[in-house]
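Structural description and commentary
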Number of protein chains: 2
Amino acid sequence: MLNKYIQEGDNADLTKERKNATFDTEIMATEIRGSAERLRRDRSIRDEISKRSDLFQVIPPAHRTRIERLEDCSRLISNMMNTIHDFADVTDKYDMIQVLRVIIGVEGFPLALHNLMFIPTIQNQADDEQTEWWLWNAIQGKMVGTYAQTELGHGTNLGAIETTSTFDRETDEFVLHTPTTTALKWWPGGLGTSCTHVILVANLIIDNKNYGPHPFLVPIRDPKTYDPLPRIRVGDIGTKLGVNNVDNGYLGLDHYRIPRRFMLMKHSKVSREGVYSAPVHPKVAYTTMLYVRSEMITHQANYLMIAMNIAIRYSAVRRQGEIKPGTQEVQILDYQTQQYRLFPGLARCFVFTTAASTVRSLTEGCLESLAQGNSDILADLHNLSCGLKAVVTQQASESIDQARQACGGHGYSDASYLPTLFACAVGACTYEGENIVLLLQLAKYLMKVIVKPKEQLGPLTSYLADENTASRIQADSKYVKLIAHFEHIARRRIRNAYDLMKTDYSNGIDKDYAFYNHSVDMTKAARAHTKLFIATGFVKRCQQVTEPAVRQVYDDLLDLYLSYELVEMSQDLLFDGYLSTHDVSSIRNLFYDSMKRIRVNAVSIVDSFDFSDGELRSVLGRRDGHVYENLIKWAEMSPLNRKGLPHVEKYLKPVTSKL
Amino acid sequence: MLNKYIQEGDNADLTKERKNATFDTEIMATEIRGSAERLRRDRSIRDEISKRSDLFQVIPPAHRTRIERLEDCSRLISNMMNTIHDFADVTDKYDMIQVLRVIIGVEGFPLALHNLMFIPTIQNQADDEQTEWWLWNAIQGKMVGTYAQTELGHGTNLGAIETTSTFDRETDEFVLHTPTTTALKWWPGGLGTSCTHVILVANLIIDNKNYGPHPFLVPIRDPKTYDPLPRIRVGDIGTKLGVNNVDNGYLGLDHYRIPRRFMLMKHSKVSREGVYSAPVHPKVAYTTMLYVRSEMITHQANYLMIAMNIAIRYSAVRRQGEIKPGTQEVQILDYQTQQYRLFPGLARCFVFTTAASTVRSLTEGCLESLAQGNSDILADLHNLSCGLKAVVTQQASESIDQARQACGGHGYSDASYLPTLFACAVGACTYEGENIVLLLQLAKYLMKVIVKPKEQLGPLTSYLADENTASRIQADSKYVKLIAHFEHIARRRIRNAYDLMKTDYSNGIDKDYAFYNHSVDMTKAARAHTKLFIATGFVKRCQQVTEPAVRQVYDDLLDLYLSYELVEMSQDLLFDGYLSTHDVSSIRNLFYDSMKRIRVNAVSIVDSFDFSDGELRSVLGRRDGHVYENLIKWAEMSPLNRKGLPHVEKYLKPVTSKL
């Protein structure tokens with residue numbers, strides 16, 4: 001059997017699906033994880049964890065209060081720290097992704113930012129002496145920290161933050177201060193209840209001169225009592241749409257003093273005399289952002305893969321409605337409308353995984369080039385990463401909500417895990433740069449480069465100087481045409497936006513206003529540019545797949561992805577008669593045709609993601625397909641299924657007992 | 001001042017916005033509520049409730065556990081029942097909408113279905129004797145009930161439910177049975193913990209003949225102890241994406257016996273001898289569904305109005321980013337991209353309110369006609385209502401999520417109330433008929449009528465026999481053309497879908513399969529048909545507004561709504577050269593132009609919804625605009641801001657205290 005996930009006793013419909021697989025799921029799983037070694041390690045980590053009963057979540061978080069969730073997450077992380085070296089390499093990013101996926105899930109935990117931001121910031125921005133003071137304490141958890149930048153009144157526009165750090169030459173200290181209500185730090189994960197320290201981003205002031213935002217290490221709670229230190233106001237900001245395992249917090253400082261040397265001084269420095277020295281390589285910040293964004297895309301792809309796994313398996317198990325009255329109810333996966341909801345999201349799992357690794361390798365190449373003094377691609381790549389973050393987070397969260405709705409009522413239940421996945425994914429549309437702001441940043445860049453001659457353009461924008469060709473891509477001729485359509489759309493939208501802006505400008509409107517007057521068109525231009533990059537990357541990725549049966553599936557997904565995106569933008573293809581109605585129909589037909597091809601393999605494709613039931617955390621997505629009996633078991637754990645609930649005792653019984 | 005919501009001490013930006021109003025908010029509020037009397041009553045109800053401290057939610061539900069929420073809701077409802085007759089007419093639907101909006105909010109309460117479904121079903125489906133037995137006990141709350149139809153394995157396809165009610169002639173009883181796991185009743189609100197009785201929908205079986213689903217009144221819990229009765233299995237199904245104030249539940253019955261007379265016998269009956277008599281008026285069920293759907297549209301419009309009120313006020317208060325570097329940060333409402341996110345949703349508030357009342361009055365007209373033996377419109381209207389439910393729930397929840405995202409990070413916090421509104425609105429895409437299933441039902445109807453000659457078509461479908469005209473609408477000539485575009489799109493999509501189906505059929509494919517082979521195109525056809533109805537209705541509505549300044553605002557919203565929808569469907573306008581690229585650009589320009597006109601009045605428009613801060617339940621939406629200081633107050637109520645949290649005591653302190 002080509003599908004290796006079949007077991008005896010499984011739901012019959014799932015087994016039937018799996019028997020139809022046209023490819024070997026082991027080869028596909030290897031292709032998806034990137035290497036046989038990665039697949040082996042991920043499986044080994046999962047197996048080792050499953051042997052340790054103290055790393056197991058007994059009660060689903062949905063059935064617990066927030067305080068209980070924080071306790072349970074902390075228990076798991078604490079137990080994990082005792083044995084992790086037996087089964088994973090804590091310095092291997094992919095090991096850690098797998099460990100957390102198995103033990104915690106997607107909702108985070110109080111110390112998430114300690115590991116993701118606090119420790120790395122010390123590593124990257126503290127000087128050697130500071131590193132010696134802090135790093136080992138942080139790694140051991142004696143200092144628990146987070147990263148505090150966003151303020152109550154200030155988010156994506158870092159330039160506007162109000163918190164100040166004023167150098168006091170007399171005492172050799174910084175005086176930290178949040179001067180207004182809107183200056184309170186707001187949102188840092190773990191700040192609510194868990195942190196003893198923060199990396200605080202504040203405007204550095206020396207002799208009344210503002211040197212802009214810089215990082216400072218700040219003790220905020222007594223590590224013995226967890227009481228806030230004097231002049232510190234700190235607490236939890238309450239519940240959110242999702243990620244409620246994390247205690248996001250607020251922080252106010254009232255002329256709070258720290259030693260001068262608590263400013264992180266690897267790059268910028270302030271001397272005992274109050275002399276400021278600026279960092280040598282200002283562009284280093286860009287490459288950090290590039291890494292963060294490729295990480296975000298990896299996470300979004302992960303959320304989406306889990307969601308598609310759940311929804312596609314459930315759609316094979318669920319039978320609802322008759323196509324021909326009087327016959328058996330059909331698997332809902334057989335409805336074209338269901339495929340239309342799910343398969344573009346399935347393709348995006350592969351497409352976004354590819355986009356993340358493309359950005360990662362471009363970033364690595366860019367760093368090498370920078371070292372040799374060549375920064376050709378840096379501007380292109382940094383600006384493109386803004387668009388990528390925006391397009392991927394938006395499309396992933398849309399696809400997850402479609403997957404959720406495609407599961408009907410049960411998708412609305414937390415037993416499906418889909419509401420949790422949606423909340424996590426859609427949050428990323430806002431944090432680390434709000435999507436619209438990022439698209440406008442990319443658009444501003446595109447408005448600058450569109451007027452340049454080809455020889456001055458970077459490798460990711462040079463197509464803008466071309467006419468309708470897709471010469472840059474080494475593709476099968478089959479895809480040259482489709483990619484040319486993406487190029488046409490991007491070029492047309494960018495040129496159009498430029499013309500609109502230019503017309504305003506010619507009419508005497510200030511150039512900044514001329515840009516913002518057309519900001520909707522600007523975001524559309526930025527999206528089209530980004531989609532071209534994503535599509536091109538996936539065409540190349542498919543060409544690297546060597547095993548014919550797996551390659552065929554990749555090509556089916558490629559057909560579906562390209563045709564879906566083009567149909568969605570078909571007005572752009574019709575404008576000015578670039579394509580005819582008939583041409584657009586052909587693309588539509590390719591789309592419907594590829595949906596049919598994917599239908600056969602849909603379950604086996606998501607099987608090949610190789611997630612265990614423990615990783616999926618979804619009653620609907622179980623490998624064995626035994627959905628309904630397990631929905632009951634899940635429901636029975638609800639804390640409302642106890643005797644003596646107060647609303648019944650106080651308000652209902654006194655009346656009903658009179659019946 | 002034309003805007004009557006200005007008060008001293010308000011946020012200065014909000015006051016500035018309000019001073020710019022071009023219309024009188026009292027006249028607008030009257031227009032929106034439908035009458036001066038309705039506005040007066042709603043305000044009086046709100047004022048009376050605000051005087052009663054026992055009807056006040058002290059702690060926001062977001063800060064409470066589910067068990068505490070159920071208790072608090074039940075306390076409020078219990079207190080309300082003691083005094084409601086002093087300030088509201090419980091038989092007036094609009095009074096009750098206002099009472100619940102003020103006291104409870106949108107998340108429901110354990111007894112919601114008792115009032116919405118249990119009591120009305122007794123009223124509509126019990127015979128006189130049964131009504132005497134049950135109704136008064138139900139109204140007094142001695143019996144607490146819900147409506148149990150959906151099963152674990154069976155939702156929208158009512159025909160497939162498995163629960164049986166078998167007549168036992170010997171004992172004059174029905175034997176109720178859920179024969180399989182998938183037959184468990186699943187989802188009824190209040191069933192989880194609160195109900196003593198349910199209306200159970202089960203297949204009526206007499207002498208091995210299945211007469212299909214019928215309603216039965218079934219005691220399930222002992223009203224003195226709340227223990228499940230013997231042979232009853234009942235409990236809560238756990239948490240969901242939203243509506244967690246409601247204890248949705250499950251129910252299994254194991255050969256459970258009820259007296260024959262517990263079948264609701266107003267319409268269908270079973271005699272002592274086991275003789276079944278069918279209802280006289282089978283079409284009555286349609287009109288009930290019509291009412292339920294117009295109610296749903298009213299609720300969606302309400303959710304959306306609250307969301308837009310919150311997001312637009314906050315967008316006037318929030319300043320973020322500079323258009324011209326070095327100048328003051330701008331109100332985010334000034335960004336075209338922000339307007340693009342919010343204003344289509346703002347227009348939809350008016351459009352959906354209109355759609356709800358149009359369906360309501362068409363239904364009333366239809367009932368009158370039916371009484372006179374004329375059922376011309378019934379089929380058109382019933383099928384259209386499927387499309388309306390689908391389009392409105394989808395667009396409302398999309399607009400609410402856009403409103404949420406437009407509020408940035410603070411929109412992700414439960415302090416905004418926007419996550420709650422989204423969860424409530426998007427749930428309606430699934431319940432009361434899953435949207436895709438409903439669109440396909442409408443499409444099936446359209447496939448039947450498209451081949452008929454004009455004289456056989458009902459009033460809502462007769463346009464299908466026309467060519468490109470919009471003769472049905474009594475509109476200013478300005479709108480005739482735009483509505484003609486909606487007609488063109490609907491007609492083209494319906495004809496296209498029909499041709500696709502017909503081609504398959506001609507090729508020997510079974511007609512049911514031929515339909516489902518093109519179900520994506522079918523849903524698109526159904527959506528276009530529905531949008532035409534919605535757009536036409538709003539054109540007519542605007543013409544009824546007499547006060548010129550308010551009329552101008554309605555016309556601005558109309559321009560925006562029509563142009564937005566047409567731009568979204570612009571590929572349909574370009575196909576086969578129906579419109580040129582230039583024509584589509586003109587519609588786009590109308591859209592951008594109307595956004596500018598609405599910008600001036602946006603805050604004053606949402607003010608005119610006349611919601612109090614108590615009704616909005618949102619820190620971001622406050623009338624006074626004092627957002628930031630109140631976000632802090634809201635956060636401070638989080639239960640995590642207590643000493644001695646277990647995760648800190650058990651897992652963090654033991655390590656950090658070693659620092």
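Everything numeric here is computed off the predicted structure, so don't read it as measured data.

Details of the UniProt feature "domain: Acyl-coenzyme A oxidase N-terminal" (unreviewed entry) in chain A
UniProt annotation of "domain: Acyl-coenzyme A oxidase N-terminal" (unreviewed entry) refers to residues 24-142 of chain A when read in the numbering used here. Within the segment residues 24-142 of chain A, helix and strand shares are 71% and 0% respectively, and the terminal C-alpha atoms sit 48 Å apart.

A look at empty space enclosed by the protein
Summed over the entire model, instances satisfying the criterion amount to three cavities of 30 Å³ or more. Roughly 60 Å³ of internal volume is contained in the largest cavity. The wall of the largest cavity is formed by Y340, Y564, V567, E568, R588, F591 and Y592 of chain A together with K524 of chain B. Contributing elements (two or more residues each) for the lining of the largest cavity: α17 (548-568) and α19 (581-607) of chain A. Of the residues that constitute the lining of the largest cavity, the class distribution is five nonpolar, no polar and three charged. Looking at the second largest cavity, its volume works out to about 40 Å³. Taken together, Q57, I59, P61, R64, R69, D72, C73 and N245 of chain B make up the lining of the second largest cavity. Per-class residue counts for the lining of the second largest cavity are three nonpolar, two polar and three charged.

A short note on the pattern of salt bridges
All names here are of chain A. Summed over all chains, the structure comprises 114 salt bridges over all chains. The partner of R69 in a salt bridge is E107, and the shortest N-O contact between them spans 3.2 Å. Placement of the pair is R69 in helix α4 (residues 66-87) and E107 in the loop between α5 (93-103) and α6 (112-125), with a sequence separation of 38 residues.

Brief notes about the relation of the copies chain B and chain A
When chain B is fitted to chain A, the residual RMSD is 0.0 Å, and the transformation amounts to a turn of 180 degrees plus an axial shift of 0.0 Å. The symmetry that links the two subunits is that of a two-fold axis. Minimal C-alpha separation from the rotation axis in chain B is found for Q571 of chain B, amounting to 2.1 Å. Interface overlap between copies is the fraction of interface residues in one copy that are interface residues in the other; for chain B against chain A it reaches 100%, indicating a shared surface.

Considering the packing of aromatic side chains
As enumerated under the stated definition, the model contains 36 aromatic pairs over all chains in all. When the centroid spacing of 5.1 Å and the interplanar angle of 70 degrees are considered together, the rings of F174 of chain A and F216 of chain A count as edge-to-face. In this pair, F174 of chain A sits in strand β3 (residues 173-177) while F216 of chain A sits in strand β6 (residues 209-219), placing the two residues 42 residues apart along the sequence. For the ring pair Y211 of chain B and Y276 of chain B, a centre distance of 4.4 Å and an interplane angle of 35 degrees mean the geometry is tilted. Linking Y211 of chain B in strand β6 (residues 209-219) with Y276 of chain B in strand β11 (residues 276-277), this pair joins segments that are 65 residues apart in sequence. The exposure class assigned to Y211 of chain B is partly exposed, which follows from its relative accessible area of 27%. One aromatic cluster in this structure is built from F350, F538, Y554, F609 and F611 of chain A.

Section: the UniProt feature "active site" (unreviewed entry) in chain A
Residue and element names in this part refer to chain A. Summarizing the sequence annotation, UniProt attributes the feature "active site" (unreviewed entry) to E432 in the numbering used throughout. For E432, the location among the structural elements is in the loop between α12 (418-427) and α13 (435-449). Residue classification places E432 among the partly exposed residues on the basis of a relative accessible area of 43%. Residues within four places of E432 in sequence aside, it is in contact with V292, R293, M296, K389 and L438.

Here's the deal with the interface of chain B and chain A
If you look at the interface, chain B gives 134 residues, while chain A gives 134 residues. Together, the buried faces of chain B and chain A total about 10,900 Å²; carbon and sulfur atoms form 61% of this surface. Contact with chain A buries surface across chain B, with Y412, L640 and L659 of chain B losing the most and accounting together for 7% of the total. Taken together, the connections running from chain B to chain A amount to 14 salt bridges. Close ionic contact of E434 of chain B with R341 of chain A constitutes a salt bridge, the shortest N to O distance being 3.0 Å. Linking chain B with chain A are 65 residue pairs in polar contact (both at pLDDT 80 or more). For the side of chain B that touches chain A, the leading source of residues is helix α22 (residues 646-656) of chain B, giving nine residues. Partitioning the side of chain B that touches chain A into residue classes produces 53 nonpolar, 47 polar and 34 charged.

Re the packing of α17 of chain A against α19 of chain A
Residues and elements named next belong to chain A. At their nearest, the axes of α17 and α19 sit 8 Å apart, and the two run at 135 degrees to each other. When the axis of α17 is compared with that of α19, the two are oblique. Viewed along their axes, α17 and α19 form a crossing whose handedness is left-handed. Residues Q552, V553, D556, L557, D559, L560, S563, Y564, L566 and V567 of α17 form the contact with α19, whose participating residues are I587, R588, L590, F591, S594, M595, R597, I598, N601 and I605. Class assignment for the residues of the contact of α17 with α19 results in twelve nonpolar, four polar and four charged.

Some thoughts on a nonpolar patch on the surface
A surface patch of nonpolar side chains, about 290 Å² in accessible area, is lined by F56, V58 and I59 of chain B. Locating F56 of chain B in the fold gives a position in the loop between α3 (36-50) and α4 (66-87).

Here we look at the sheet that holds strand β4 (residues 185-186) of chain B
All names here are of chain B. The strand order across the open sheet formed by three strands is β4-β8-β7, and the pairing between neighbours is antiparallel. In the strand order of this sheet, the two ends are held by β4 and β7 (232-236), each with one partner. Direction of pairing for β4 relative to strand β8 (residues 249-253): antiparallel, over a ladder of two bridges. Directly across from K185, in β8, lies its bridge partner L251.

Concerning the environment of H647 of chain B
Residues and elements named next belong to chain B. Mapped onto the secondary structure, H647 falls in helix α22. By relative accessible area, H647 is classed as buried at 1%. Measuring from C-alpha to C-alpha, the distance between H647 and Q543 comes to 62 Å, with 104 residues separating the pair along the chain.

Topic: the environment of L264 of chain B
Residue and element names in this part refer to chain B. Its location among the elements puts L264 in the loop between β9 (256-259) and β10 (269-270). Overall, the relative accessible area of 2% leaves L264 in the buried class. Put simply, L264 and S397 are 133 residues apart on the chain and 36 Å apart in space, counted from C-alpha to C-alpha. Excluding anything up to four places from it in sequence, L264 contacts T121, I122, Q125, A126, Q130, W134, I199, P215, F216 and L217.

Digging into the sheet that holds strand β7 (residues 232-236) of chain A
Residue and element names in this part refer to chain A. The three strands are arranged β4-β8-β7 in an open sheet whose pairing can be described as antiparallel. Looking along the sheet, the strands with just one partner apiece sit at the ends: β4 (185-186) and β7. Bridge analysis of β7 against strand β8 (residues 249-253) gives five bridges, and the strand direction is antiparallel. By the bridge assignment for β8, D236 is matched with G249.

Some details on the pairing of strand β5 (residues 197-206) of chain A
Residue and element names in this part refer to chain A. Buried residues dominate β5, accounting for ten of its ten residues. For strand β2 (residues 164-168) and β5, the ladder comprises three bridges, and the chain directions are parallel. Note on β5: the bridge partner recorded for S165 is L204. Here β5 hands over to β6 after two residues, with D207 in that stretch at a positive phi of 50 degrees.

Parameters at a glance
Residues numbered from 1 in each chain as written. Chains lettered and ligands numbered in written order. Predicted model: local features only at pLDDT ≥ 70, side-chain atom pairs only at ≥ 80, totals over all residues. Heavy atoms only, no water. UniProt positions renumbered as here; feature names shortened; annotations may be inferred. Helix = DSSP H or I, 4+ residues; strand = E, 2+ residues; numbered from the N terminus. 1 Å grid on protein atoms, 1.4 Å probe; cavity = no way out; pocket = protein on both sides within 12 Å on 5 of 7 lines; lining within 4 Å. Points joined across faces, edges and corners; volume = space filled by probe spheres on them. Nonpolar A, V, L, I, M, F, W, Y, C, P; charged D, E, K, R; others polar. Salt bridge = Lys/Arg side-chain N within 4 Å of Asp/Glu carboxyl O. Least-squares fit on C-alpha atoms with pLDDT ≥ 70 in both. Contact = heavy atoms within 4.5 Å. Phe/Tyr/Trp six-rings, centres within 6.5 Å; stacked < 30°, edge-to-face > 60°. Buried < 20%, exposed > 50% of the residue type's maximum accessible area, 1.4 Å probe, protein only. Buried area = accessible area lost by both parts, 1.4 Å probe. Polar contact = N/O pair within 3.5 Å; in protein donor to acceptor, adjacent residues only side chain to side chain. Axes fitted to C-alpha atoms, helices over the stretch in contact; angles between N-to-C directions. Parallel < 35°, antiparallel > 145°, perpendicular 65-115°, else oblique. Left-handed = near helix turned anticlockwise from the far one by under 90°. Patch = residues over 30% accessible without salt bridge, like charges linked within 9 Å, V, L, I, M, F, W, Y side chains within 5 Å. Areas by Shrake-Rupley, 256 points an atom, 1.4 Å probe, with all protein chains shown as cover. Pairing = 2+ DSSP bridges.

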